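# Structural overview
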Amino acid sequence: MKRPQLIRPALLEARNITRLYGPKQGCEEIDFTLHQGEVLGIVGESGSGKSTLLRVLSGLEKPDNGQVIYHRSEPSFSELTGTDLTTPEPAHTGLGGAEGALDLYAISEARRRALLRMEWGLVHQNPRDGLRLGVSAGANVSERLMALGQRHYGNLRAASQDWMGRVELDPRRIDDAPRTFSGGMQQRLQIARTLVTEPRLVFMDEPTGGLDVSVQARLLDMLRTLTRQLGLSVILVTHDLAVARLLAHRLMVMRQGRVVEAGLTDQILDDPQHDYTQLLVSSVLTP
Amino acid sequence: MTLRVDDQGGLAYSGYNFAYLDEQTKRMIRRALLKAVAIPGYQVPFGGREMPMPYGWGTGGMQLTASILGADDVLKVIDQGADDTTNAVSIRTFFERVAGVETTTSTAAASVIQTRHRIPELPLSRHQILVFQVPIPEPLRFIEPSEEETRVMHALEEYGVMHVKLYEDIARHGHIATTYAYPVKVDERYVMDPSPIPKFDNPKLDMNEALMLFGAGREKRLYAIPPYTQVKSLDFEDHPFEIQSWDEACALCGASDSYLDEVITDDQGGRMFVCSDTDYCQQCRGEVA
Ligand SMILES: Nc1ncnc2c1ncn2[C@@H]1O[C@H](COP(=O)(O)OP(=O)(O)O)[C@@H](O)[C@H]1O
Ligand SMILES: [Mg+2]
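Residues numbered from 1 in each chain as written. Chains lettered and ligands numbered in written order. Predicted model: local features only at pLDDT ≥ 70, side-chain atom pairs only at ≥ 80, totals over all residues. Heavy atoms only, no water.

This next bit is on the side chain of serine 67 of chain B. Residue and element names in this part refer to chain B. Structurally, the position occupied by serine 67 is in helix α2 (residues 59-68). Among the polar contacts listed, one links the side chain of serine 67 to the backbone oxygen of glutamine 63, at a separation of 2.7 Å. Those residues in contact with serine 67, other than ones at most four positions away along the chain, are Leu21, Lys26, Ile29 and Arg30. (Helix = DSSP H or I, 4+ residues; strand = E, 2+ residues; numbered from the N terminus. Polar contact = N/O pair within 3.5 Å; in protein donor to acceptor, adjacent residues only side chain to side chain. Contact = heavy atoms within 4.5 Å.)

Right, here's the structure in full:
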């Protein structure tokens, strides 16, 4: 009989990461481990370095110091669908050797980009940064599948419609342009576009920022359902503690580029230890 | 005007080097061509020269032709399949004057064919070179304006966006509506723009016996498809690549296997379909007669 795994294997490790634009501007000496299936929230006021850290973690910006280690283990969606990720010799786009720890900034740019495209997902705060506005909703949702080599139009459409449904968009709008969608709907579209390949690891930067409160609430609800259903591993940046409470299993609290407190979400929010966290929680600090 | 014998044994008007370009420039272009042949479908930058014609008139193709032409070559120049358009005539006349080479309108008789927008209907042989005039060499340009980024996309084979375009075609029109400059993958590696030939000609790119060279004058890029190279038009499994077809045959020669142009015959809406490849059409009529 299969037992539930009690100790989940590590998926991503930050080792002593520093990326500074100036004193206390950026992130400094960050260490943590993200386990499979975990949602890690990074909170802190505006300017505390959350987005900088997320860019470093997601392969978009090289740190001044430190390492990002990604642990590859089970076959991913892309491998199961027969793309060239598992070929022993790195192909042009492939990631090469299937297993083991990848040092994100020690591997080639080619492999790093392949990783981002094939195994990871990135949800931008502004959906327009993550969507192709010139093509239909369906083309947006199925692009990552095409990048993985899927070449059946009917199947691509079916997958797009399925995912539009899962993010609570009307699948009949598959041929509509993203511009004709509201801000909240565009964000749903971006999420569908990201999750369609069932990435092993998803990075989100303020996914509900810039939306009306009522729209935010519904989106959050949907995100929570999806992360649970899919058992997603997520690193979520937000300045909004309500968002963090709803989605994150664990939190890291950042201030002036450093982590001042980390722990289980309930623990941090109900019994904050650090002065700064206490201030944050009591909402004295407004972002 | 005095005639002189140039370094390739050809006769040319003095004042010009054989085939207009100086030997150093031609060597530079030939080196770039060798690179292009070694990496089928890959765009090689080259130090393009000014030609005595404006961009858009085939200056990229002309520089390639000038670089490969020898005194014994027989040159044919076509524009949309025809030998007698202004563009074709002026390029042909140019090489007659600056290289003194023999010219022809016969596809079979030519050793070098410079072309805009068509591949001749008559199958080419391994003794022939086809030189394409290319306006926009970069197939990814429609989605990505940055040259640096498109080069990275080629290097990493990030070609998902090419199918996004085809997907969008089908979503809008019910079928792949791209009919010219239909993108291809060369030797299972590089995505390439075959220049604005009709997709009717795409199958001729595949495993062709002739060497095919592509030159873009404005963007100073050249690329190549060596003989017997696999060239596949991008498509979907359930929307396979298809070429144009016509219900009628050529009104002049009766050919039913050639690319047809629609010609308006009067102002009462009369029209007919004729071969775009004028040499092919004449050969067909010759056989019938
Ligand atoms: N590209 C950059 N160049 C210079 N300074 C930057 C850059 N990105 C961020 N910063 C600075 O680094 C600090 C942290 O920014 P950021 O990571 O965006 O914080 P947060 O996401 O927590 O609001 C800020 O002081 C910001 O001005
Ligand atoms: Mg931020």
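It is worth spelling out the nonpolar core at this point. Counting 62 residues, the largest nonpolar core has Trp163, Val167 and Ile191 of chain A together with Phe236 of chain B as the members making the most contacts within it. By residue number, the principal contributor to this core is helix α5 (residues 160-173) of chain B, which donates 6 residues. Aside from chain neighbours lying at most four places away, what touches valine 167 of chain A is Arg188, Ile191, Ala192, Met222 and Leu226 of chain A. Among the nonpolar cores identified, the runner-up in size contains 31 residues, and Leu21, Leu64, Phe95 and Leu213 of chain B belong to it. (Core = buried A, V, L, I, M, F, W, Y, C linked by side-chain atoms within 4.5 Å. Buried < 20%, exposed > 50% of the residue type's maximum accessible area, 1.4 Å probe, protein only.)

Attention shifts here to the packing of aromatic side chains. In total, this model carries 13 aromatic pairs over all chains according to the counting rule given. Between the aromatic rings of phenylalanine 94 of chain B and phenylalanine 95 of chain B, the centroid separation amounts to 5.1 Å while the plane-to-plane angle is 80°, which identifies the pairing as edge-to-face. With respect to class, phenylalanine 94 of chain B is no different from phenylalanine 95 of chain B; both count as buried. With 5.0 Å between their ring centres and 90° between their planes, tryptophan 246 of chain B and tyrosine 259 of chain B make a pair best called edge-to-face. Of this pair, tryptophan 246 of chain B sits in the loop between β12 (231-233) and β13 (260-264) while tyrosine 259 of chain B sits in the loop between β12 and β13; the two residues are 13 residues apart in sequence, bridging distant segments of the chain. Three or more aromatic residues link up through ring pairs in this structure, and these residues are Tyr70, Trp120 and Phe203 of chain A. Here the basic side chain of arginine 173 of chain A rests over the ring of phenylalanine 181 of chain A, its NZ or CZ set 4.1 Å away from the ring centre. The lysine or arginine in question, lysine 165 of chain B, covers the ring of phenylalanine 142 of chain B, its NZ or CZ lying 4.8 Å from the ring centre. (Phe/Tyr/Trp six-rings, centres within 6.5 Å; stacked < 30°, edge-to-face > 60°. Lys NZ or Arg CZ within 6 Å of the ring centre and 35° of its normal.)

Bringing the site of ligand 1 into the picture now. Residue and element names in this part refer to chain A. What surrounds ligand 1 is the set Tyr21, Gln25, Gly26, Glu45, Ser46, Gly47, Ser48, Gly49, Lys50, Ser51, Thr52 and Arg55. Glycine 49 is positioned such that a nitrogen or oxygen atom in its backbone is 3.0 Å from an oxygen atom of ligand 1. Relative to its free-state accessible area of 560 Å², ligand 1 is covered by the protein chains to the extent of 62%. Elements supplying a minimum of two residues to the shell around ligand 1: β2 (25-35) and α1 (50-57). (Near = heavy atom within 4 Å. Areas by Shrake-Rupley, 256 points an atom, 1.4 Å probe, with all protein chains shown as cover.)

Let's shift gears to helix α3 (residues 109-118) of chain A. In terms of burial, α3 of chain A is largely enclosed, as 9 of its 10 residues are buried. Taken together, the buried positions of α3 of chain A are occupied by Ala110, Arg111, Arg112, Arg113, Ala114, Leu115, Leu116, Arg117 and Met118 of chain A.

Before going further, it helps to spend a moment on the environment of leucine 156 of chain B. Residues and elements named next belong to chain B. Its place among the elements puts leucine 156 in the loop between α4 (147-155) and α5. Judged by relative accessible area, which is 8%, leucine 156 ranks as buried. Placed 63 residues apart in sequence, leucine 156 and glutamate 219 show a C-alpha to C-alpha distance of 22 Å.

This brings us to the interface of chain A and chain B. If you look at the interface, chain A gives 24 residues, while chain B gives 23 residues. Where chain A touches chain B, the interface holds 3 salt bridges. Taken together, the connections running from chain A to chain B amount to 11 residue pairs in polar contact (both at pLDDT 80 or more). Mapped onto the side of chain A that touches chain B, the elements with two or more residues apiece are α3, α5 (137-147) and α6 (153-166) of chain A. Partitioning the side of chain A that touches chain B into residue classes produces 8 nonpolar, 8 polar and 8 charged. (Salt bridge = Lys/Arg side-chain N within 4 Å of Asp/Glu carboxyl O. Nonpolar A, V, L, I, M, F, W, Y, C, P; charged D, E, K, R; others polar.)

All names here are of chain A. Non-glycine residue glutamate 198 carries a positive phi angle of around 50°. By the element assignment, glutamate 198 lies in the loop between α7 (183-195) and β7 (201-205). For glutamate 206, which is not glycine, the phi dihedral falls at a positive 45°.

Moving on, we come to the sheet that holds strand β8 (residues 184-186) of chain B. Residue and element names in this part refer to chain B. Strand order across the open sheet formed by 3 strands is β9-β8-β12, with antiparallel pairing between neighbours. Edge positions in the sheet fall to β9 (190-192) and β12, since each has one partner strand and no second. Adjacent strand axes in the sheet meet at a mean angle of 30° when their direction is disregarded. Summarising the sheet, β8 and β12 pair through 3 bridges and their orientation is antiparallel. Paired with lysine 185 across the strands is lysine 232, a residue of β12. (Pairing = 2+ DSSP bridges. Axes fitted to C-alpha atoms, helices over the stretch in contact; angles between N-to-C directions.)

Now for the pairing of strand β4 (residues 65-72) of chain A. Residues and elements named next belong to chain A. Judged from the 5 bridges that link them, strand β1 (residues 10-22) and β4 form a sheet pairing that is antiparallel. Bridge pairing links threonine 18 to asparagine 65 in β4. Two strands pair when backbone bridges link them, and β4 and strand β5 (residues 100-103) are joined in this way by 4 bridges, in the antiparallel orientation. Bridging from a neighbouring strand, isoleucine 69 pairs with aspartate 103 of β5.

All names here are of chain A. Evaluation of the coordinates by the stated rule reveals 1 cavity of 30 Å³ or more. Estimated volume of the largest cavity: approximately 40 Å³. Every residue along the wall of the largest cavity is listed here: Val39, Met204, Leu223, Thr227, Val234, Leu236 and Leu247. When contributions to the lining of the largest cavity are tallied by element, the ones reaching two or more residues are α8 (213-230) and β8 (233-237). Broken down by class, the residue content of the lining of the largest cavity amounts to 6 nonpolar, 1 polar and no charged. (1 Å grid on protein atoms, 1.4 Å probe; cavity = no way out; pocket = protein on both sides within 12 Å on 5 of 7 lines; lining within 4 Å. Points joined across faces, edges and corners; volume = space filled by probe spheres on them.)

Here we take up the confidence of the model for chain B. Any residue range with low pLDDT should be treated as having predicted coordinates unsuitable for detailed reading. Mean pLDDT for chain B: 92, with 94% of residues reaching 70 or above. Scoring of the predicted complex yields 0.86 for pTM and 0.85 for ipTM. (pLDDT = per-residue confidence, 0-100.)

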